[in-house]
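Tertiary structure, described
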Amino acid sequence: MMKYPGWTVVLFSGLLAAAAACAAAENGANVVLTLHTNVNGPVISRHIFGQFAEHLGRGIYEGIWVGPDSPIPNTRGIRNDVVTALKALHVPNVRWPGGCFADEYHWRKGIGVANHRPATINANWGGVTEPNTFGTHEFMDFLDQIGARAYLSVNVGSGTVQEAADWLEYLTAGPPDALGAERAANGHAAPYQVAFVGIGNESWGCGGNMRPEYQADLHNRYATFLNNGALRVASGDGTGNDHLIDVLMERSIGQMDALTLHYYTIPGDWTKKGSATGFDAAAWAHTLKLARGIEPRIEAIEALMDKRDPQRRIGLFVDEWGTWYDTEPGANPGFLYQQNTLRDALVAALTLDVFQRHTDRVRMTSIAQMVNVLQAMVLADGRRMALTPTYHVYDMYKPFKGATPLKIRLSTTRWQRGEDDLPAVDASVARTADGATVVALVNLDPERPAHVRTNLKGEFRGSILTAAKMDAHNTFDQPHAIEPAPFSARAGAEGWTLDLPPKTVLVVSAPVRH
Ligand code: AHR
């Protein structure tokens, strides 16, 4: 047996597992996970593991870009430690340059000789100087270094159709196109590839405060001239506005391949969002409850989309999601820098599980954001870098990319804290292309273990992420305070049983068919 603080994992012993199960059942949850062999929808798109990198706070500058003359090890100005970390995650795509920033970004200011580029003001995020030293070529170089595809957000709010169309042409055209030639003169002869084009962002707010009807018409104009093979993404809902979805589906259905949902988990309100660390069990429960609220919102949008697109051609791209807390004390409030704890790891896992239950609509998502902003993968400060618990969940969930979800029945007891009532356990099971079964289990209860019985057979290996404290997190001084530990277990005759420790994410695979 392998001992973790306060709990026990049974390794390779069905008998011991059964004994531990009885003990756990007395003071923990009882859960039965039944796997059915039939599949549940299309494969899990690898693009649901996409990321978002906005010109916001220290997300791009310091977080990704340090410049070629920096003493911080870098390749053409892009920091090597961050690239190594993100490359290991196999990030499928990166959304850039915003967010709200996209609707004030003029791409021409970010090309050409770096020290000739004009400085501008980042009006949305702290009013700081935007040096434009990280522009189109630097972004594409970054993608190349981490092995990701481009999701470009074009400026609809303060830009023009011509400006957006020129940008795409600049990126993708070959000779004899003049914009392609300009790109070549700026150092990149081969056309770049752009996988996704986001047409605007949060049209109801920072993207231009538009009426849905006006936005749909404007979207159609942009989409008409951005029709060169990249998937065209309409800016959708973020405020629970069904009418906006209806209008886009009615008026723009022929001019889009996807529409978006933004969904943030904010445990308080906009004036006091709640602290990223030092919270109590009630805040833990409330945060997880809110995070799980993304599923009914996705279902409501799916129902609206189904009315006009029953074949489900159009995707739902959740291109901003994650936790949003009060900025860390001492940080610029406009920079949205927050710590990231075990609670965020559970939010990530629960949300990925939701996406995996909705593969026939949810084909791309972007967690907000990649480095140093909101629910980040990586925190970086000067020379130092720390991977967050959210990063570790993304790493653990890698086997789900391209796998086919399997139908499960999950019977779980529930637990309550204050007004919030939650299931003890959430789960997701899929079959990989090479026939392995991959299982994710999350114990949401911060105090009690869950006794999980399954009909899964065979030997499972993977990793488990948990800690003694709910707000366990990594710092620059202690970057390994919370990390996944290896986990393995073998099924007994009746199937695989285990005691899932409190506040845990577990992902395991069995290389055999069941
Ligand atoms: O991710 C931070 C901001 O949140 C984005 O810029 C905006 O689209 C959203 O409101």
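Within any chain, residue numbers begin from 1 and follow the written order of that chain's sequence. Only residues with pLDDT of at least 70 are given local features in this predicted model, and only at 80 or more are side-chain atom pairs given and counted; all residues enter the totals for whole chains, interfaces and linings. Only hydrogens and water are set aside when side-chain values are computed; all heavy atoms of the structure are taken into account.

Quick look at the sheet that holds strand E4 (residues 50-52) now. The eight strands lie next to each other as E4-E7-E10-E11-E12-E13-E14-E15, forming a closed barrel whose pairing is parallel. Across the sheet, the axes of successive neighbouring strands diverge by a mean angle of 25°, strand direction being ignored. When DSSP finds at least two bridges between two strands, those strands are taken to pair. Helix numbers and strand numbers start at the N terminus; a helix is a DSSP run of H or I with at least 4 residues, a strand a run of E with at least 2. Two elements, E4 and strand E7 (residues 93-96), share two bridges in a ladder whose sense is parallel. Paired with Gln51 across the bridge in E7 is Val94. Contacts between residues were defined by any pair of non-hydrogen atoms, one from each residue, lying within 4.5 Å. A fitted line through C-alpha atoms serves as each axis, taken over the contacting stretch for helices, and the angle formed by two N-to-C directions is quoted from 0 to 180°. Each of E7, strand E10 (149-154) and strand E11 (196-199) is contacted by helix H4 (residues 161-172), which is oriented at about 160° to E10, the strand it contacts most. Helix-sheet contacts for helix H7 (residues 242-251) involve strand E12 (231-237) and strand E13 (258-265), and the interaxial angle to E12 is about 150°.

What follows is about the packing of helix H8 (residues 281-292) against helix H10 (residues 342-357). Relative to each other, H8 and H10 sit at 20°, their axes nearing to 9 Å. When the interaxial angle is binned, H8 and H10 end up roughly parallel. Crossing hand, H8 versus H10: right-handed. Here Ala283, Trp284, Thr287, Leu288, Ala291 and Arg292 of H8 come into contact with H10, specifically with Leu342, Arg343, Leu346, Val347 and Leu350. Here the angle decides the label: under 35 degrees means roughly parallel, over 145 means roughly antiparallel, 65 to 115 means roughly perpendicular, and every other value means oblique. Left-handed is the label given to a crossing in which the near helix is rotated counterclockwise from the far helix by less than a right angle, and right-handed is the label when the rotation is clockwise.

Before going further, it helps to spend a moment on the pairing of E11. The alternating pattern of E11 places Phe196 and Gly198 and Val197 and Ile199 on opposite faces, both of which are buried. Both E10 and E11 contribute to a ladder of four bridges, which runs parallel. Across the sheet, the residue bridging to Ser153 is Gly198, located in E11. Relative to E12, E11 runs parallel, the two sharing four bridges. What sits directly across from Ile199, in E12, is Ala234. Taken together, E11, helix H6 (residues 212-225) and E12 constitute a β-α-β crossover, and its handedness is right-handed. Burial classes: relative accessible area under 20% of the type maximum marks a residue as buried, over 50% as exposed, and values in between as partly exposed (1.4 Å probe, protein chains only). If the strands point away from the viewer and the path from the first strand over the helix to the second runs clockwise, then the crossover is right-handed.

Here the focus is the site of the ligand. Proximity is defined per residue: any heavy atom of the residue falling within 4 Å of a molecule or strand makes that residue near it. Neighbouring the ligand are 13 residues, the closest being Glu54, Cys100, Glu202, Tyr264 and Glu320. At a separation of 2.7 Å, an oxygen atom of the ligand approaches a polar side-chain atom of Tyr264. Under a 2 Å grid-point criterion requiring more than half of the atoms, the pocket assigned to the ligand is the second largest pocket. Each residue gets one of three labels, nonpolar for Ala, Val, Leu, Ile, Met, Phe, Trp, Tyr, Cys and Pro, charged for Asp, Glu, Lys and Arg, and polar for the others, Gly among them. When the residues that make up the shell around the ligand are grouped by side-chain class, the tally is seven nonpolar, three polar and three charged. As used in this structure description, the phrase polar contact means that two N or O atoms lie within 3.5 Å; if the pair is within protein, one of them must be able to donate a hydrogen and the other to accept it, and residues adjacent in sequence are counted only when both atoms belong to side chains. Put plainly, a pocket is an open set of points on a 1 Å grid over the protein atoms alone with protein on both sides within 12 Å along at least five of seven lines, a cavity is a set where a 1.4 Å probe fits but cannot get out, and a lining residue has an atom within 4 Å of a point. Occupancy of a cavity or pocket is assigned to a molecule whenever over half of its atoms lie within 2 Å of that pocket's grid points.

Right, let's get into the side chain of Asn201. With respect to the helices, strands and loops of the structure, Asn201 is situated in the loop between E11 and H6. Side-chain polar atoms of Asn201 contact the backbone oxygen of Gly99, separated by 3.3 Å. Each residue touching Asn201, except ones within four places of it in the same chain, is listed here: Arg95, Gly99, Cys100, Asp103, Cys206, Gly207, Ser235, His262 and Glu320.

Time to look at the confidence of the model for the protein. pLDDT expresses, on a scale from 0 to 100, how confident the predictor is about each individual residue. Counting all residues, the mean pLDDT for the protein is 93, and 94% of those residues have values of 70 or more. In this model residues 1-25 is a low-confidence stretch, pLDDT under 50, and it forms 40 contacts with partners more than four residues away in sequence or in other chains.

Here the focus is the domain arrangement of the protein. Note that the domain bounds reflect an automated or database-derived domain assignment. The assigned domain composition of the protein is domain 1 (2-42 + 404-510) and domain 2 (46-400). Here the C-alpha centre of domain 2 lies 31 Å away from the C-alpha centre of domain 1. The contact between domain 1 and domain 2 buries some 3,400 Å² in all, and 68% of this surface belongs to carbon and sulfur atoms. Put simply, a salt bridge is a Lys or Arg side-chain nitrogen that is within 4 Å of an Asp or Glu carboxyl oxygen. Viewed at the interface, domain 2 and domain 1 are joined by three salt bridges. Put simply, Asp426 and Arg357 hold a salt bridge, and the shortest N to O gap is 3.3 Å. Along the contact surface separating domain 1 from domain 2 lie 12 residue pairs in polar contact (both at pLDDT 80 or more). Where the side of domain 1 that touches domain 2 is concerned, the elements lending two or more residues are strand E19 (414-417), strand E20 (420-423), strand E21 (425-431), strand E22 (437-443), strand E24 (459-465) and strand E27 (504-510). Taken together, the residues of the side of domain 1 that touches domain 2 sort by class into 26 nonpolar, 12 polar and 10 charged. The term buried area means the drop in 1.4 Å probe accessible area that two parts suffer when joined, counted for both and summed.

So, on to empty space enclosed by the protein. Grid points are joined across faces, edges and corners, and a volume is the space filled by probe spheres set on the points. This structure, assessed with the given rule, holds four cavities of 30 Å³ or more. Size it by volume and the largest cavity reaches roughly 50 Å³. Considering the residues around the largest cavity, the lining is formed by Asp103, Val156, Ile199, Gly200, Asn201, Ser203, Gly207, Met210, Gln215, Leu218, His219 and Ser235. The dominant element in the lining of the largest cavity, judged by the number of residues it contributes, is H6, at three residues. The residue inventory of the lining of the largest cavity, partitioned by class, reads four nonpolar, seven polar and one charged. Within this model, the second largest cavity holds a volume of roughly 40 Å³. Every element with two or more residues in the lining of the second largest cavity is listed here: E10, E11, E12 and E13. With three residues, the single largest contributor to the lining of the second largest cavity is E12.

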